[in-house]
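# Architecture at a glance
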Amino acid sequence: MKARTPRVASPAWRFVKKNFLSNSNFFLAFLVSKMSEDHDHTFESTDAGASLTYPMQCSALRKNGHVVIKGHPCKIVDMSTSKTGKHGHAKVNLVAIDIFTGKKYEDVSPSTHNMDVPNVRREEFMLINVDDGQLSLMKEDGTTKDDVDLPDNDLGKQIQEMFEEGKELIVTVVSAMGEEHALSVKEAPKGSA
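Read on for an overview of the structure. Each chain has its residues counted from 1, running along the sequence as written. With pLDDT at 70 or above as the cut-off, local features in this predicted model cover only qualifying residues; side-chain atom pairs require 80 or more to be listed or tallied, and sums for whole chains, interfaces and linings still use all residues. The side-chain quantities take in all heavy atoms of the structure and omit both hydrogens and water.

Right, let's talk about the overall build of the protein for a bit. Helices and strands together make up the secondary structure of the protein, namely 3 helices and 11 strands. In the protein, the succession of α and β elements from N to C terminus is α-α-β-β-β-β-β-β-β-β-β-α-β-β. Residue exposure (1.4 Å probe, protein chains only): buried if accessible area is under 20% of the type maximum, exposed if over 50%, otherwise partly exposed. Expressed as a percentage of its 193 residues, the buried residues of the protein come to 26%. Once local pairs closer than 6 in sequence are excluded, the contacts in the protein between residues at least 24 apart make up 47%. The protein chains shown are the only cover counted for residues, whose accessible areas, like all others here, come from Shrake-Rupley with a 1.4 Å probe. Total accessible area on the protein is roughly 14100 Å²; 52% of this is exposed by carbon and sulfur atoms. Secondary structure elements follow DSSP: runs of H or I of four or more residues count as helices, runs of E of two or more count as strands, with numbering from the N terminus. Residue contacts follow a heavy-atom distance rule, with two residues in contact if any of their heavy atoms lie within 4.5 Å.

Turning next to helix α3 (residues 154–164). Taken together, the buried positions of α3 are Leu 155, Gly 156, Ile 159 and Met 162. Looking down the long axis of α3, one finds its buried residues gathered within 135° of arc, a one-sided arrangement. Of the residues in α3, the exposed ones pointing more than 90 degrees away from the buried face are Asp 154, Lys 157 and Glu 164. Where α3 begins, the side chain of Asn 153 points an oxygen toward the backbone nitrogen of Leu 155, at a separation of 3.0 Å. Just beyond α3, the residue with positive phi is Gly 166, at close to 85°. An arc is given here, and it is the one of the directions from the helix axis to the C-beta atoms. Within 3.5 Å is the distance limit for a polar contact, defined as a pair of N or O atoms, with the added protein rule that one can donate a hydrogen and the other accept it, and that residues adjacent in sequence qualify only through two side-chain atoms.

Turning next to the pairing of strand β9 (residues 144–149). Pairing between strands requires that DSSP locate at least two bridges from one strand to the other. In terms of strand pairing, strand β8 (residues 134–138) meets β9 through 4 bridges, oriented antiparallel. Paired with Met 138 across the bridge in β9 is Thr 144.

Before going further, it helps to spend a moment on the sheet that holds strand β7 (residues 121–131). Spatially, β9-β8-β7-β10-β11 is the arrangement adopted by the 5 strands of the open sheet, whose pairing is antiparallel. The open sheet has two edge strands with one neighbour each: β9 and β11 (179–187). Direction aside, neighbouring strands of the sheet carry axes that sit 45° apart on average. Interaxial angle, 0 to 180 degrees, is taken between N-to-C directions of lines fitted to C-alpha atoms, where a helix line uses only the stretch in contact.

Our next topic: the pattern of salt bridges. The rule for a salt bridge is simple: a side-chain nitrogen of Lys or Arg has to be within 4 Å of a carboxyl oxygen of Asp or Glu. One pass over the full model with this rule turns up 6 salt bridges. Glu 124 is paired through a salt bridge with Lys 186; the nearest N and O atoms lie 3.2 Å apart. With Glu 124 in strand β7 and Lys 186 in strand β11, the pair connects residues that are 62 residues apart, well separated along the chain. A salt bridge links Glu 165 to Lys 167, with the shortest nitrogen-to-oxygen separation between them at 3.1 Å. For Glu 165, a relative accessible area of 54% puts it in the exposed group.

Strand order across the open sheet formed by 4 strands is β2-β3-β4-β5, with antiparallel pairing between neighbours. The sheet is open, and its two edges are formed by β2 (66–69) and β5 (104–110), each paired on a single side. Neighbour to neighbour, the strand axes of the sheet diverge by 45° on average, direction disregarded. When strand β4 (residues 91–98) meets β5, the two strands line up antiparallel, connected through 7 bridges. Following the sheet pairing, Ala 96 is matched in β5 by Tyr 105.

In this structure, Asp 98 sits in strand β4. Separated by 2.7 Å, the side chain of Asp 98 and the backbone nitrogen of Phe 100 make a polar contact. Residues within four places of Asp 98 in sequence aside, it is in contact with His 72, Pro 73, Cys 74, Lys 103 and Tyr 105.

Moving on, we come to the nonpolar core. The definition of a nonpolar core used throughout is a set of buried Ala, Val, Leu, Ile, Met, Phe, Trp, Tyr and Cys residues joined through side-chain atoms within 4.5 Å. Judged by nonpolar contacts, the single largest core of 15 residues is most densely connected at Leu 127, Leu 135, Leu 137, Ile 159, Val 171 and Val 185. Elements represented by at least two residues in this core include exactly β7, β8, α3, β10 (169–176) and β11. Residues in contact with Leu 137, not counting those within four places in the same chain, are Phe 125, Met 126, Leu 127, Ile 128, Thr 143, Thr 144, Lys 145, Asp 146, Val 148, Val 171 and Val 173. Of all hydrophobic cores here, the second largest spans 12 residues; its members include Ile 69, Ile 76, Tyr 105 and Met 115.

Structure (structure tokens):
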């Protein structure tokens, strides 16, 4: 076995060790005071810190599940797995549709690699008003939500017409990756208001 040569501490390390590490509380107080002098931090948050996506192994994805393809949250409509090739990985071929736009995306990935899966949340709200292309919705706790746009497609026309007819409506809003869209509407059951 080879003998180890002793390490010689640098003068800077000896200074830190002598002056700060012998009294660790002083050292921590010194660091905190220096950090607070240099920066003025403001921390703001609107949620509990949940991530927009989470990783999942490609082979664990399933049809009708969700996946992020080219930065878009999509629902998987078809997937197939090819045999192991000369590089040792089976490939997974995914065909998915963007949950907001309906656009079709395809991707091929090794089955052992991770792909991002969006955190998709679906909520139903009572429609209160439609004003200047914005939906005014009521949450379960009675507060209003006024930041959802009226869709500019057939669904938007249907919501507008049903609202003008005086029907009580429930709008389904889907949110994923920082986007929210109204995706469906139905008449509220009688006696629900």
